[in-house]
Amino acid sequence: MVENEKQTILSTIIAASEKLQGSKLDRTILNEIGGQLGMIEDYIKSDEMSAIFFTIMFVLQNQSQASVSMHDIAEFLDYSFLHILEYRKKIDELEKKNIIYMKQLRNVSHHPENNGYDICGTILNNVIDNEPIELVEEEEKTTETVLQELTFIQLNYLDKVMSFNEYKRQMTAAEKKNSEIEVVRNIIELFPDDFDSRMILYYLSHCAVIDGDVFEGVAKDDRTGYVILKIISPQKKNTRRNSLFDDTDPLIKKKNLWLAYEKKFGSDCKISFRITPEGMERIFGSEANLYMKQNYALTEIEKTISALMEFGYEFGNGNSGRFSILENLQRTEEKYKELNFFKKIQDFVMVCVSRFLLYDCLYNFVVYGRETSLSHALHDIYGYSSMYFTELRSVLDEEHELMKNGFLELEKNEDVEKCVVSVSDKTLELLYGENADLYIKSVSGRNIIENEKIKEKHLFYSSAVQKQIDMLRESLKQDKLEAIQERLSQKGLPRGVAVLLYGAPGTGKTETVHQLAKETNRKIFHVDIAESKSMWFGESEKKIKAIFTDYGRLCKTCTRHGENTPILLFNEADALISKRKNIDSGNCAQTENAMQNILLEEMEKLEGILIATTNLCENMDKAFERRFLFKVKYEKPNLEARENIWRTKMNALDAGDVTRLAEQFDFSGGEIDNIVRKCEMNEIINGTQPKYEEIVEMCKTERLEKSETRRVGFCV
C-alpha cells in the first residue's frame, strides 16, 4: 500500500475500514482506530457509531456498486445481525442529515434493517476530493410530505406486501406520529372511530394535493376495482361500495365527498370520488386555499351533466332494470332537485316515463354525440308490452308530450326500427344556457349565400318600382331595421319584415334580393322549394318547420358574430303561396294546405326578413296578402329601360343599334342577359365580336316560336 504524504478523509476511511472488517466491534480495535474514527465523526458531525456505519457503507458501496443494508454491515463486521439492530437509529440519523438516502425498498415500513441505502453523490465526491461536506438537515414535516408518507403505506398494502392488520397498525402509528399536522388532526376529529373513512380521506387528500385523479373507475369495470374500496376493511368492502354509490355513505351525507360521472375519451364513463369544497375546508383548514383550485366547485352545467351521466350509467350498466326505472329516476331527480335543468323539465314534462326517455336521449347526446334509436329506447322502458306500441305510435304521430313541447325531434324512416329521435335546440338551450350555440347544429352549406360572394350589378327599374325598392333598401339598413322592429314591437305588431316581389319572369326579382343583401351586408338563406316536398307523408310539413328553425339558428349565429340579420329567400314560391286546394282532392292537397298553414303561422312569428318571389301573383292565396309588408310588382322594362340595359350590357354597340334592338324586341332583362352571353361565347369561338346583324338573328331565336295549334284525332 502506498502511503499518502498527507492524511485525507478518504485515506482515513480506508484505513479505518481495514481494521473494522471482521472486528465484531471489539472495543480494543475501536480504541486503536479512535483517532481515525474521531476524524470521521468530525467530518460528518456525528457520533462514533454513525461514523462506523458511514465508513462501512462508503467502502461497500464503492466496492460492490450496490445499495447497502444493515445485513451487509453485520456481515462486514462479522457481527450478529440482532446486535446490529440495536444501532438502527444511527441509520435514521444519517438519513435525517441527508448523508444517505433510501434507494432500495425491501420492507414497507420505514425501518432500515432490510432497506438498501446509498451515500449521496455529492458526499462521495466531497470525500474523494477531500473537501468538507455541507450538511443539510431534514426539512420540517409538511402536509404534502405527511400525506405522501400515509399513502406510501396504503400503496404497499395495495401491492399486497402486508396484511390488513399490519396495514391498519402502521397507518394508526403514522397517524399518532403526525397528529400535530393539521390535515391529520382534522381528519381524525371528523371520524375518530371510523378507520375506513379516514383512510379514504387521506388518499383523496393526497390526490387533491398532487392534483391527481388516482381514484377513478371506468364504467365497464367492476366497482370493486375502485382503489378506495381496496384500502378499507375487506369485511366492509361490499357494504361501503353500496353506500358510496347510493349516497348513504357518511362521507357523502356529510358533504365531504361527491361522486362525479364524467365523459371519458371514447365511449367510456369516468367515475371519480373527490373531496367537496366544504370537505376541503374541513380537512385542510388554514391550508385549504393552497390546494383548492379556483374551479374546484362544480358549475351548474357540470353538475347537470354529471347527473345525466350517473343516470345513464346506472341504467345502461344494468344497475337498475326495466321494472325499477321509475324508482331510479325518482332517486336521481330527488338527488339533483336543486338543479334548474331538472326543475324546468319536471315543470314541462309531467309524465315520469317521458322524462326518462328524454334523459336517455340526452345521455346519448352528451356521451356519444348521437341520436337515439326510438324503438330501442322505448323497448328498454316497456319491453314489447302494449305500452311500447302505444308510445311508439304516439312519437311517430308526433302526439307525444316530448314532441309537442319541442324537447325531441324525430327523424322518420320507412323502417320503424331505423327511426331516431334527437334532443331539440330547446332542450340544448335548457341544458347549456348561453353556450347552447356551441352544440346546436349550425346552418351552413349550399343554402347560404355569403354577401361578399355576390357580384355587384346595376339594375334598371321603372320609376314606381324604383321608389319602392329605395324604401325597402332604407328599411333594410341594420340600424333602421332595428328601430322599425322596436317600434312595431311596442305597438304589439309583428316584428318581422316580409316582402313579396312578383311579376313577369326575367324582370330581376331574384337579382334584386341579391343586390339588397349586398348593399345592406347580409347573408341570404336560400330555400329550394322542391326540397321542401317529401315523398313521406307528413315530412313536408316538418321540412317547412325545419326551414324556419334553421333560419332562427342562422339569425342567432349572425347576432353572436356581430353580423346583420340574414334574409330568408323563398325563390319562385308559387307552389307555397298559391290558393289552397279542396281537401277532397286527396292527400296531396291536404299536405300542401298543411304546409301553407305552417308557413302562415311562421310568418306571423317571424323576427327577421323574409322575401318571396313569384311569377303568378294572381294565383296567390288571400291569406298571404296581409302577411307581406312590402309587395312590389315587376313589369317588363319599357323602351327606355330596355335601351339602358342594352347600352350597359353591350357598350360596343352604337346608339342607333341600341335603340333599334330595344324597339324591335320586347325583351326582359333576363332575355337580354341571354343574348349577351351568346355574344361572349361567339367572341371566344370566332375571335371577334358579332356584328349587329348577327345579334339580331340571335334575338329572333331567343323565344320559342308559337306554332299553330293542330287538332288531333278524327273529324266527323
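Scroll up to find the structure this text is about.
Predicted model, so just to flag it, every value in this text is computed and none were measured. (Residues numbered from 1 in each chain as written. Predicted model: local features only at pLDDT ≥ 70, side-chain atom pairs only at ≥ 80, totals over all residues. Heavy atoms only, no water.)

Things to note about the overall build of the protein
Alright, step 1. If you tally the helices and strands in the protein, you get 35 helices and 14 strands.
Alright, step 2. Counting over 716 residues, the protein shows a buried share of 47%.
Alright, step 3. Contacts spanning at least 24 positions in sequence make up 65% of the contacts within the protein whose residues lie at least 6 apart. (Helix = DSSP H or I, 4+ residues; strand = E, 2+ residues; numbered from the N terminus. Buried < 20%, exposed > 50% of the residue type's maximum accessible area, 1.4 Å probe, protein only. Contact = heavy atoms within 4.5 Å.)

Re the nonpolar core
Alright, step 1. Grouped together as the largest cluster of nonpolar side chains are 94 residues, with contacts concentrated most on Tyr167, Phe284 and Leu408.
Alright, step 2. Examining the composition of this core, we find that 11 residues originate from one element, helix α20 (residues 352–368), more than from any other.
Alright, step 3. Judged by nonpolar contacts, the second largest core, of 52 residues, contains Phe525, Leu554, Leu568 and Leu600. (Core = buried A, V, L, I, M, F, W, Y, C linked by side-chain atoms within 4.5 Å.)

Describing the side chain of Arg473
Alright, step 1. Relative to the helices and strands, Arg473 is located in helix α25 (residues 463–475).
Alright, step 2. In terms of polar contacts, Arg473 uses its side chain to reach the side chain of Glu519, at 2.3 Å. (Polar contact = N/O pair within 3.5 Å; in protein donor to acceptor, adjacent residues only side chain to side chain.)

Examining empty space enclosed by the protein
Alright, step 1. For the coordinates displayed, the defined rule picks out one cavity of 30 Å³ or more.
Alright, step 2. Approximately 40 Å³ is the volume attributed to the largest cavity.
Alright, step 3. Along the walls of the largest cavity sit Phe570, Leu576, Ile577, Leu599, Met603, Leu610, Ala612, Phe624 and Phe628, which together make up its complete lining.
Alright, step 4. Those elements that place two or more of their residues in the lining of the largest cavity are α29 (574–577), α30 (587–605) and β13 (609–614).
Alright, step 5. Taken together, the residues that form the lining of the largest cavity break down as nine nonpolar, no polar and no charged. (1 Å grid on protein atoms, 1.4 Å probe; cavity = no way out; pocket = protein on both sides within 12 Å on 5 of 7 lines; lining within 4 Å. Points joined across faces, edges and corners; volume = space filled by probe spheres on them. Nonpolar A, V, L, I, M, F, W, Y, C, P; charged D, E, K, R; others polar.)

With respect to the sheet that holds β13
Alright, step 1. Strand order in the open sheet formed by six strands is β9-β11-β12-β13-β10-β14, with mixed pairing between adjacent strands. Looking at strand neighbours, the two that pair on one side only are β9 (448–449) and β14 (630–634), the edges of this open sheet.
Alright, step 2. Taken strand by strand, α25 contacts β10 (497–503) and β14, and its axis lies near 145° from that of β14. (Pairing = 2+ DSSP bridges. Axes fitted to C-alpha atoms, helices over the stretch in contact; angles between N-to-C directions.)

What to know about helix α35 (residues 692–700)
Alright, step 1. Regarding α35, the residues found buried are Tyr692, Ile695, Val696, Met698 and Cys699. Taken down its axis, α35 places every buried residue within 160° of arc, on the same side.
Alright, step 2. If you follow the buried residues of α35, they end up packed against α32 (639–649), α33 (655–664) and α34 (669–686). (Arc of directions from axis to C-beta.)

A few points about the sheet that holds strand β6 (residues 372–373)
Alright, step 1. A sheet is described by the order of its strands in space; here three strands give the open sequence β6-β8-β7, paired in antiparallel fashion. The sheet terminates laterally at β6 and β7 (408–411), the two strands that pair on one side only.

Details of the side chain of Asp118
Alright, step 1. Locating Asp118 in the fold gives a position in strand β2 (residues 116–119).
Alright, step 2. Exposure remark for Asp118: the relative accessible area of 6% places this residue in the buried category.
Alright, step 3. Separated by 3.0 Å, the side chains of Asp118 and Ser67 make a polar contact.
Alright, step 4. Apart from the residues within four sequence positions on either side, Asp118 is in contact with Gln61, Ala66, Ser67, Val68, Ile99, Ile100, Tyr101 and Lys103.

Notes on the environment of Glu41
Alright, step 1. Looking at the element boundaries, Glu41 is found in helix α3 (residues 34–44).
Alright, step 2. With 11 residues separating them in the primary sequence, Glu41 and Ile52 have C-alpha atoms 8.7 Å apart.

Focus: the packing of aromatic side chains
Alright, step 1. Applying the stated criterion across every chain, the model contains 19 aromatic pairs.
Alright, step 2. Measuring from ring centre to ring centre gives 5.2 Å for Tyr384 and Tyr388, while their planes differ by 80°; the resulting arrangement is edge-to-face.
Alright, step 3. Judged by its relative accessible area of 57%, Tyr384 is exposed.
Alright, step 4. We classify Tyr388 as buried; its relative accessible area is 2%.
Alright, step 5. Clustering of aromatic rings is evident, with ring pairs tying together Phe311, Tyr336, Phe341, Phe342, Phe356 and Tyr359. (Phe/Tyr/Trp six-rings, centres within 6.5 Å; stacked < 30°, edge-to-face > 60°.)

Focus: unusual backbone geometry
Alright, step 1. Here the phi dihedral of Lys24 falls at roughly 55°; this positive angle occurs in a residue that is not glycine.
Alright, step 2. Among the structural elements, Lys24 can be located in the loop between α1 (9–20) and α2 (27–32).
Alright, step 3. Despite not being glycine, Asp78 shows a phi value in the positive range, around 55°.

With respect to the environment of Arg198
Alright, step 1. Locating Arg198 in the fold gives a position in helix α12 (residues 195–210).
Alright, step 2. If near-sequence neighbours (up to four positions away) are discounted, Arg198 is found in contact with Glu175, Ile187, Ile188, Phe191, Pro192 and Asp193.

Concerning a nonpolar patch on the surface
Alright, step 1. On the surface, Met681, Ile684 and Ile685 cluster together to form a nonpolar patch covering roughly 390 Å² of accessible area.
Alright, step 2. Its place among the elements puts Met681 in helix α34.
Alright, step 3. Among the residues examined, Met681 registers a relative accessible area of 52% and is labelled exposed. (Patch = residues over 30% accessible without salt bridge, like charges linked within 9 Å, V, L, I, M, F, W, Y side chains within 5 Å. Areas by Shrake-Rupley, 256 points an atom, 1.4 Å probe, with all protein chains shown as cover. Salt bridge = Lys/Arg side-chain N within 4 Å of Asp/Glu carboxyl O.)

Overview of the pattern of salt bridges
Alright, step 1. The full count for this structure, using the stated rule, is 33 salt bridges.
Alright, step 2. Between Lys700 and Glu697 there is a salt bridge; the shortest N-O distance is 3.6 Å. Pair noted here: Lys700 and Glu697 are both in helix α35, with a separation of three residues, about one helical turn.
Alright, step 3. The class of Lys700 is partly exposed, set by a relative accessible area of 47%.
Alright, step 4. What you see here is one network of salt bridges that share partners, running through Asp47, Lys90 and Glu93.

Side note on the pairing of β14
Alright, step 1. The alternating pattern of β14 places Phe630, Val632 and Tyr634 on a buried face and Lys631 and Lys633 on a face that is not buried.
Alright, step 2. Relative to β14, β10 is paired through five bridges, and the arrangement is parallel. The partner of Tyr502 across the bridge, within β14, is Lys633.

Quick word on helix α7 (residues 88–96)
Alright, step 1. Residues of α7 that are buried: Lys90, Ile91, Leu94 and Glu95. Along the long axis of α7, the arc covered by the buried residues comes to 145°, so they all point the same way.
Alright, step 2. Two residues or fewer after α7 comes Asn98, characterised by a positive phi angle close to 60°.

Observations concerning the pairing of β13
Alright, step 1. Burial analysis of β13 places six of its six residues in the buried class, which makes it a mostly covered element.
Alright, step 2. Here β13 shows a buried face lined by Ile609, Ile611 and Thr613 and a second buried face lined by Leu610, Ala612 and Thr614.
Alright, step 3. In terms of strand pairing, β10 meets β13 through six bridges, oriented parallel. Counterpart to Leu500 in the pairing with β13 is Ala612.

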